[in-house]
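Listed below, chain by chain, are the residues.
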Amino acid sequence: MLIPCPHCGERDYREFRYAGDASKARPPLGSTDIAAWHDYVFLFDNPKGGHREYWQHVLGCRRWLVLERDTATNVVGRSWWPSEGSPG
Amino acid sequence: MSRARRLGQGGYVDRSRPIRFTLDGRSYAGFAGDTLASALLACGVRIIGRSFKYHRPRGFLCAGAEEPNGLFTLGSGARTTPNTPGTMTELTEGLIAACQNGWPSVRFDLMSVLSLAAPIIGAGFYYKTFMGPRRRSWMFYEPFIRRAAGLGRAVHQRDPDRYETRHHHADVLVIGAGPAGISAARAAARTGARVLLCEQDFLVGGSLLGEGAGALEALRTEELAGLATLEVMTRTTAAGLYDSNTVVLVERRDHARPDPARGDAREILKIVQARAIVFATGAIERPLVFAGNDLPGVMLAGAVRCYLHRYAVLLGERIVVATTDDAAWQAATELAAAGAHVTLLDERAEVGGELLRRAAASAATVVLGAQVRAARGRRGVRGVRFVSPQYPSGHELPCDLLCMSGGWSPVLHLTSHTGIKPAYRADLDAFVPGGYAAGHFGAGALTGAASAAAALETGSAAGLRAAQHAGYGREASVPAAAPGVAVAPAAPARPRDAHWGKAFVDFQNDVTTRDVATAYTEGYESVEHLKRYTTLGMGTEQGKTSNVNALRQMAQLRGIDVPAAGTTTFRPPYTPVSIGALAGRNLGQHFRPVRRSPLHDWHLANGATMIEAGPWLRAWYYAWAGADAETAYVEEMRLVRSGVGLSDVSSLGKIDVQGPDAGEFLNRLYVNEFARLPVGKARYGVMLNDDATVLDDGTTARFGETRYFMTTTTAQAAEVMSRLEFLLQTAWTDLRVQVASVTDQWAGMAIAGPRARAALALALPGIDVSDAALPFMGCQEVDFAGVPLRILRLSFSGELAFELYVPSDCGTALWQHLLASAQGLGIRPYGLEALASLRIEKGHVAGLELDHRNTLDDLGLGKMARTSKPFVGRELRGRPELQAPERWSLVGLECQEPAARLRGGAILFAPADPIQGHGRGYITSVTWSTQLNRFIALGLYQGGLAHAGEEVLCAYPLRGELVRAKIVSPVFIDPAGERLRA
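Residues numbered from 1 in each chain as written. Chains lettered and ligands numbered in written order. Predicted model: local features only at pLDDT ≥ 70, side-chain atom pairs only at ≥ 80, totals over all residues. Heavy atoms only, no water.

Moving on to the overall build of chain B. For chain B, the count of helices and strands is 23 helices and 50 strands. Taken against the 2.2 N^0.38 rule, which gives 30 Å for 982 residues, the C-alpha radius of gyration of chain B at 38 Å runs more than 25% over that of a compact globule. The dimensions of chain B, computed from C-alpha atoms along their principal axes, are 115 × 70 × 55 Å. Here chain B holds 982 residues, and the buried ones make up 57% of them. Sequence-distant contacts, at least 24 apart, represent 65% of the contacts inside chain B between residues at least 6 apart. Accessible surface, chain B: about 39,700 Å² in total, of which carbon and sulfur atoms supply 54%. (Helix = DSSP H or I, 4+ residues; strand = E, 2+ residues; numbered from the N terminus. Rg over C-alpha atoms; globule rule 2.2 N^0.38 Å. Buried < 20%, exposed > 50% of the residue type's maximum accessible area, 1.4 Å probe, protein only. Contact = heavy atoms within 4.5 Å. Areas by Shrake-Rupley, 256 points an atom, 1.4 Å probe, with all protein chains shown as cover.)

Helix and strand content of chain A: one helix and six strands. Going residue by residue from the N terminus, the α and β elements of chain A occur as β-β-β-α-β-β-β. Taken along its principal axes, the extent of the C-alpha atoms in chain A is 40 × 30 × 25 Å. By the burial criterion, 40% of the 88 residues in chain A qualify as buried.

Each side of the interface is counted separately: chain A has 27 residues, and chain B has 29 residues. A combined buried area of about 2,400 Å² lies between chain A and chain B, and 56% of that area is made up of carbon and sulfur atoms. The three residues of chain A that bury the most area against chain B are Arg26(A), Leu29(A) and Trp64(A), which together make up 26% of that side's buried surface. Counting every contact that joins chain A to chain B gives four salt bridges. In this structure, the salt-bridge partner of Glu719(B) is Arg17(A), at a minimum N-O distance of 3.6 Å. Along the contact surface separating chain A from chain B lie 10 residue pairs in polar contact (both at pLDDT 80 or more). Of all the secondary-structure elements, those providing two or more residues to the side of chain A that touches chain B are β2 (9–12), α1 (34–42) and β4 (50–56) of chain A. Ranked by residues supplied to the side of chain A that touches chain B, first place goes to α1(A) with six residues. (Buried area = accessible area lost by both parts, 1.4 Å probe. Salt bridge = Lys/Arg side-chain N within 4 Å of Asp/Glu carboxyl O. Polar contact = N/O pair within 3.5 Å; in protein donor to acceptor, adjacent residues only side chain to side chain.)

Another aspect to go through is the sheet that holds strand β5 (residues 64–70) of chain A. All names here are of chain A. Spatially, β3-β4-β5-β6 is the arrangement adopted by the four strands of the open sheet, whose pairing is antiparallel. Whereas interior strands pair on both sides, the edge strands pair on one side only; in this sheet they are β3 (17–21) and β6 (76–80). Within the sheet, the average angular offset between the axes of one strand and its neighbour, ignoring direction, is 35°. Examined bridge by bridge, β3 and β4 share three bridges and lie antiparallel to one another. Within the sheet, the bridge partner assigned to Asp21 lies in β4 and is Glu53. (Pairing = 2+ DSSP bridges. Axes fitted to C-alpha atoms, helices over the stretch in contact; angles between N-to-C directions.)

This next bit is on the pairing of strand β27 (residues 430–433) of chain B. Here is the key point about a regular strand: its side chains alternate between the two faces of the sheet. Residues and elements named next belong to chain B. Bridge count for strand β26 (residues 422–425) against β27 is four bridges, and the pairing is antiparallel. Within the sheet, the bridge partner assigned to Arg425 lies in β27 and is Ala430. The antiparallel hairpin formed by β26 and β27 contains four residues in its connecting segment, where Asp429 sits at a positive phi of about 50°.

Along helix α20 (residues 811–821) of chain B, the positions that sit buried rather than exposed are Gly811(B), Leu814(B), Trp815(B), Leu818(B) and Leu819(B). The arc that holds every buried residue of α20(B), seen down its axis, measures 130°, which confines them to one face. (Arc of directions from axis to C-beta.)

Right, let's talk about the environment of Glu211(B) for a bit. All names here are of chain B. Relative to the helices and strands, Glu211 is located in the loop between β10 (195–198) and β11 (230–233). Residue classification places Glu211 among the partly exposed positions, given a relative accessible area of 30%. On a C-alpha basis, the gap between Glu211 and Gly543 in space is 26 Å, while along the polypeptide they are 332 residues apart. Discounting residues that sit within four places of it in the chain, Glu211 has contacts with Arg305, His309, Glu334 and Ala452.

On to the environment of Phe802(B), then. Residues and elements named next belong to chain B. Looking at the secondary structure, you find Phe802 in strand β43 (residues 801–807). Along the primary structure Phe802 and Asp691 are separated by 111 residues, whereas in three dimensions their C-alpha atoms are 34 Å apart. Once residues within four sequence positions are removed from consideration, Phe802 is found in contact with Met749, Ala750, Ile751, Ala756, Arg757, Leu760, Val769, Leu774, Ile791, Leu792, Arg793 and Leu794.

Turning to the pattern of salt bridges, a few remarks are in order. Any two side chains of opposite charge can pair if their charged atoms end up close together. Per the stated rule, a full pass over the model turns up 67 salt bridges over all chains. The residue Arg11(A) makes a salt bridge to Glu15(A) at a minimum N-O spacing of 3.4 Å. Assessed through its relative accessible area of 32%, Arg11(A) is described here as partly exposed. Close ionic contact of Arg558(B) with Glu525(B) constitutes a salt bridge, the shortest N to O distance being 3.5 Å. Linking Arg558(B) in helix α12 (residues 547–558) with Glu525(B) in the loop between α10 (513–521) and α11 (527–534), this pair joins segments that are 33 residues apart in sequence. Each of Glu10(A), Asp171(B), Arg194(B) and Arg275(B) takes part in a single network of salt bridges with overlapping partners.

This next bit is on the side chain of Arg790(B). Residues and elements named next belong to chain B. By the secondary structure assignment, Arg790 is in strand β42 (residues 787–792). Judged by relative accessible area, Arg790 falls into the buried class, the value being 6%. A distance of 3.1 Å separates the side chain of Arg790 from the side chain of Glu781, its partner in a polar contact. Excluding anything up to four places from it in sequence, Arg790 contacts Phe703, Arg707, Phe709, Trp746, Gln780, Glu781, Glu803, Leu804 and Tyr805.

All names here are of chain B. Tracing the backbone shows Ile973 in the segment after β50 (961–968). Counting along the chain gives 133 residues from Ile973 to Ile840, while the straight-line C-alpha distance between them is 9.6 Å. Other than its neighbours up to four places away in sequence, Ile973 contacts Arg641, Ser797, Glu799, Glu841, Lys842, Gln931 and Arg979.

Peptide bonds are mostly trans, and most non-glycine residues show a negative phi. All names here are of chain B. Note the cis peptide between Pro572 and Pro573, where omega equals 0°. Structurally, the position occupied by Pro573 is in the loop between α13 (562–565) and α14 (579–583). Look at Arg220: it is not a glycine, yet its phi comes out positive at around 50°. Residue Arg220 is classed as partly exposed on the basis of its relative accessible area of 42%. Positive phi values are uncommon outside glycine, yet Asp510 reaches one of about 55°. Checked against the element boundaries, Asp510 lands in the loop between β29 (504–506) and β30 (511–512).

All names here are of chain B. Applying the stated rule across the entire model yields 23 aromatic pairs over all chains. Relative to Phe72, the ring of Phe60 has its centre 6.0 Å away and its plane inclined at 35°; by these criteria the two rings are tilted. With Phe60 in the loop between β5 (57–58) and β6 (71–74) and Phe72 in strand β6, this residue pair connects regions lying 12 residues apart in the sequence. Assigned by exposure class, Phe60 and Phe72 land together as buried. Here Phe386 and Tyr391 contribute two aromatic rings whose centre-to-centre distance is 6.0 Å and whose plane-to-plane angle is 90°, an arrangement assigned as edge-to-face. On the basis of relative accessible area, Phe386 is assigned to the buried category, the value being 2%. Relative accessible area serves as the criterion here: at 27%, Tyr391 is assigned to the partly exposed category. The rings of Phe703, Phe709, Trp746 and Tyr805 are connected pair by pair, giving a single aromatic cluster. Positioned above the aromatic ring of Phe202, the side-chain terminus of Arg310 is 5.0 Å from the ring centre. If you follow Arg903 out to its NZ or CZ, it ends over the ring of Tyr956, 5.7 Å from the centre. (Phe/Tyr/Trp six-rings, centres within 6.5 Å; stacked < 30°, edge-to-face > 60°. Lys NZ or Arg CZ within 6 Å of the ring centre and 35° of its normal.)

As C-alpha cells, then:
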C-alpha cells in the first residue's frame with residue numbers, strides 16, 4: 001500500500017503507523033459535554049468501505065495526516081493535513 | 001529403467017557442458033540447461049519416489065511447478081531442503097539429491113505392503129481409526145503414522161544461508177514469461193512504462209520452450225534486453241497477490257552458488273508495488289483418471305512434449321497418447337516424427353478434419369472413441385487397456401510410455417488470492433478467473449487462449465491496457481478483445497469405473513476415485529469438506545493437477561454440474577516458500593533490535609550484567625555487589641540508602657518542548673499545574689489518556705522562558721512523543737510549540753544517597769549544588785568543562801538525589817569523572833533491579849502500575865489533578881464507574897511470614913474468601929526491603945487503603961503458595977520526604 005504523504009509524497013505504508021479514526025471531531029478543549037467526549041473516545045463505526053483515518057508518518061516527517069482508505073480493499077484515496085480539513 | 005534417450009541434437013541444453021550430480025549417492029550426469037527431472041529421465045531413471053500413503057512406485061508426471069510425485073530432498077547437512085520438485089530444480093554441478101518416502105529405497109520399498117491394506121486406509125481412515133479408545137490416542141499414534149507416511153523432513157540445524165528482502169516499484173508487473181507475458185511486457189515497455197517481467201523458470205518462453213524448434217525464436221526475446229524500462233526476473237515465482245497491487249515474488253539463486261560469507265543471498269523475497277498487473281500465468285494440463293494412472297511412465301502429454309523439445313529427451317519407443325482434446329495430437333505427431341511408435345486414443349468419436357489430415361501425414365496411428373480403462377505394469381507402464389467401438393469389451397496395447405491429456409486448467413491462483421471466485425467456462429471445460437480487479441489484466445492460456453498466436457494477441461492487448469492504466473501510452477489504440485479463438489470443445493474427462501485398480505485423483509496425497517466416492521457416501525459433499533476429509537489438494541502442489549478432476553467426480557456423484565459443485569479457495573503461496581525467504585535478515589539481533597545506552601560499553605567492561613527492558617539493554621546489577629541479582633540488588637540498595645550510588649537512566653524518554661505557548665501546552669497535557677512553573681524549576685507531572693486512564697508520568701524542567709525539557713518513562717517514550725504531535729497537529733493547531741525527541745542526544749545518570757551532594761560537590765568544583773542554589777525540584781543548565789550539563793534535583797529513590805544530563809558522546813566521561821572524584825565517599829554504580837526496588841520502598845508507581853487501565857485515583861494521585869483548568873482526560877475522569885470506592889487501587893503490602901516471600905502477580909484474597917477466581921486484586925511489584933527487613937510489595941486491591949491494617953492472603957497458584965501480608969501505605973520509607981529535601 002502506498003500512502004500519499006502531503007509533505008513527502010507517495011511512500012510505502014510501512015513508514016507510517018495507523019493512528020485511529022479521523023471521522024470524528026474532537027470536542028474543544030475544556031468542553032464539559034460528557035456525551036460528546038464519550039462519543040469521541042468510545043463510539044466508532046466499523047465501516048466496510050470508505051473511511052477517514054489518521055496515519056502518522058513516524059519514519060518520515062512525523063506529520064499526522066488524514067487518509068481516505070477503503071477498509072475492504074485497501075484502496076487508498078486522498079490525504080490532507082488535519083489542520084486543513086477535508087478538501088471536499 | 002525406461003527406454004528414454006537423449007536425442008543427438010535440438011533442445012535448450014548445452015551438450016558441451018556436462019554437469020554431474022548424485023541421487024541417493026549414485027552419480028549421474030546431465031547437461032547445462034537440464035532440470036534434475038530431465039537429467040534423470042535422460043539417464044533412464046523412472047522410479048523417483050514412493051507415494052504418500054500406499055508407497056506405490058512413482059515417476060515424474062509433469063515438467064513444471066505442478067509436479068506432484070517428483071519431490072526430492074536437496075543438499076546436505078544444514079543446507080538440506082526437502083520437498084523440492086525435480087522439475088523445477090535447475091541442474092548445478094555437484095547437486096546432491098535424495099528420494100523421499102521410500103525405505104530402504106524407492107526402487108524396493110518394504111512399506112509398499114501397505115498397498116495390500118489399501119481397502120482399509122481410504123478416506124477418513126485416520127479420523128475413524130486412531131481416535132479411540134481414549135481422547136489422547138491420536139497423540140500416541142501420530143508419530144508412527146507420520147514416520148510411515150509423508151514427505152521429506154526438515155533438518156534442525158541453523159540455516160547457514162543468507163536471505164534478503166527487497167522492495168520494487170513498477171508501473172506494470174507481468175507475471176509469467178510465456179508468449180502472452182513476453183508480448184504483454186514488450187507492449188507495455190514500449191510506452192515507456194517501467195515494467196517487471198517475472199518468470200518462475202530459469203528460461204523465458206513458457207510453453208514455447210516445449211513447442212519445437214523455432215517457436216521461441218520467432219518471438220525474438222533477445223529484443224527484450226533493448227527495452228530500457230523493462231526488467232526481466234527469471235527463477236522468480238509470484239507467490240501471492242495482496243491488497244493494493246502488492247505482489248510477493250521469490251527469487252531463487254542456487255544456480256549462482258551464493259556464498260553467505262560474501263553476502264550473497266540464496267533467496268530474495270521481492271515485495272512489488274505495481275500500478276497494474278498482467279497475469280500471464282498459463283495453464284496446467286490435467287491427468288486422465290483411470291486405474292493405474294499413477295504408474296511410472298504415465299505422464300502428461302504436454303510434459304512429454306516439453307521433455308522432447310526443450311531437453312531433447314525422447315521418453316519412450318512405444319508410446320500411447322490418450323486424450324480428450326486437440327492439444328495432445330500435436331504431441332502424438334511430434335513423438336512419431338522423433339522416431340517413436342505412436343498410437344493416439346481420443347475419447348471423442350469425431351474430431352476436426354485438419355487434425356486427422358495432420359495425423360495421417362505422420363506415422364501415428366489414431367483410434368477415435370477410445371477410452372483408456374487401465375494402465376498395466378508393476379514398476380512402470382507396460383501396456384494400456386482401452387475400450388472403443390471396435391473393441392467394446394476392451395483391448396490391450398503394449399507401451400513403455402503413456403501420455404495423457406484431460407484438458408487444461410488455467411493457473412488462476414493469483415487472481416483468486418484477492419477473493420475473486422473462478423468462473424466455469426463450458427467451452428473450455430475449465431475454470432477461468434471470474435473477473436479482474438481494477439488494474440488487473442489477464443492474457444494467454446489463463447484466459448482460454450489455446451494457441452501461441454492467440455496468446456501473443458491477448459498478451460499485447462493486456463500489456464497496453466496495463467500501461468494505460470498506469471498512465472502511459474494513452475494515445476495508442478488498444479486492439480479490441482482478441483477474436484474468439486476456436487477451441488475444439490474437450491470431451492469431459494470422466495473418471496472411469498475403478499474396479500480394475502486404483503485410479504488416482506490426487507497423486508501427491510494418494511487420493512483415489514474410491515476415496516472421493518467414500519467422502520460423498522459419508523456426506524462430505526462440499527468441496528471444502530471433500531478436501532479436508534480426503535486430504536485432496538493439501539500437499540505441496542495444492543491440487544494443481546487434481547482439483548478439477550475431483551470436482552468433476554463429486555459433481556457427477558451428486559448429479560449436478562461442475563460449476564455448481566464450486567471450487568476450493570486458493571490462498572498464497574502459489575508454490576511453497578522457504579521460511580528463510582520469509583524471515584529475510586530479521587534473525588537473531590535483527591529480529592528485535594536492541595537500544596543501547598551511551599554508557600553500554602562501560603557497563604560491560606565494569607562487571608554489569610545486562611537485562612532487556614523493553615527495547616533497551618540496561619545494567620541489571622554489578623559484580624561488585626554480588627554474584628547474582630538476588631544478593632547484588634540488596635547490596636546496591638544499601639549503598640544508596642546509606643552512602644551514594646550512580647545509576648544510568650539514559651533510556652528515559654526525553655522530549656525537547658519549545659515555543660511561546662509551551663507552558664500552556666504542558667498545562668493542557670498534565671493533570672497538575674504547569675503554566676506557572678518558573679525557570680529553574682522542575683515538576684513531576686502525570687498525563688492521562690482521553691478516557692482518563694494514566695498514560696505516563698515524568699518530570700518536566702523549565703530551562704528558559706520558552707524552553708522545557710520533558711522526561712517520560714522508558715516504556716512510553718514513543719507513545720508520549722506521538723501523542724504530543726497528535727495534539728499539536730490535529731487538536732491544538734493554534735499553539736506555537738515544537739516538540740523533538742532528544743532521547744538519543746542526552747546521556748542521563750542519577751546520583752542518589754545521603755552523600756549525593758557531597759559527591760557532586762567534589763565532581764563539579766565551581767558549581768554551586770547547595771540546597772540554596774539547587775533546592776528540591778530545582779534545575780540548572782551549566783557549562784562544565786565546555787560541555788552543556790543539565791542538573792535536576794529530583795529523586796526516584798526517596799533519597800537526596802540529582803539527575804545529570806550531558807550530550808551522549810560525553811556520557812561516559814562524566815560517568816567516569818563522577819566515580820573517580822567521589823571515590824573517597826564510596827560511590828559505586830547501581831543497576832536497574834536496585835533502582836526499581838528503591839522506588840517500591842518509596843511507593844513510586846512505574847510501568848507495572850501504569851498499565852493503561854488505572855486512573856489517577858486508582859494510583860493514589862487524585863489530589864494532583866487541578867480540575868479548575870482543562871487537561872486531557874479531565875471530563876471522562878468524572879465518570880461514576882471510575883469514582884466507585886470499590887475500584888482496585890494502589891496499596892502497599894508487608895509480608896507477615898518471615899520464611900515466605902511475596903511474588904509479583906500473586907492474587908489477593910481477604911482471609912475469609914475462598915481461594916479461587918480473580919480475587920480482590922493482585923501484586924504488581926515486589927522487593928526485599930533493606931529498611932524493613934522483609935518483603936514488601938505494591939499492588940492493587942479492591943477498596944485500596946480503606947482496608948489499611950487488614951491482613952490479606954497472597955495466592956500464587958503456580959507454586960501452590962499462600963502467604964499472609966498486611967495492607968499498609970505504599971510509601972514505606974520517609975513519608976514526610978525529609979531525606980529528599982535534605
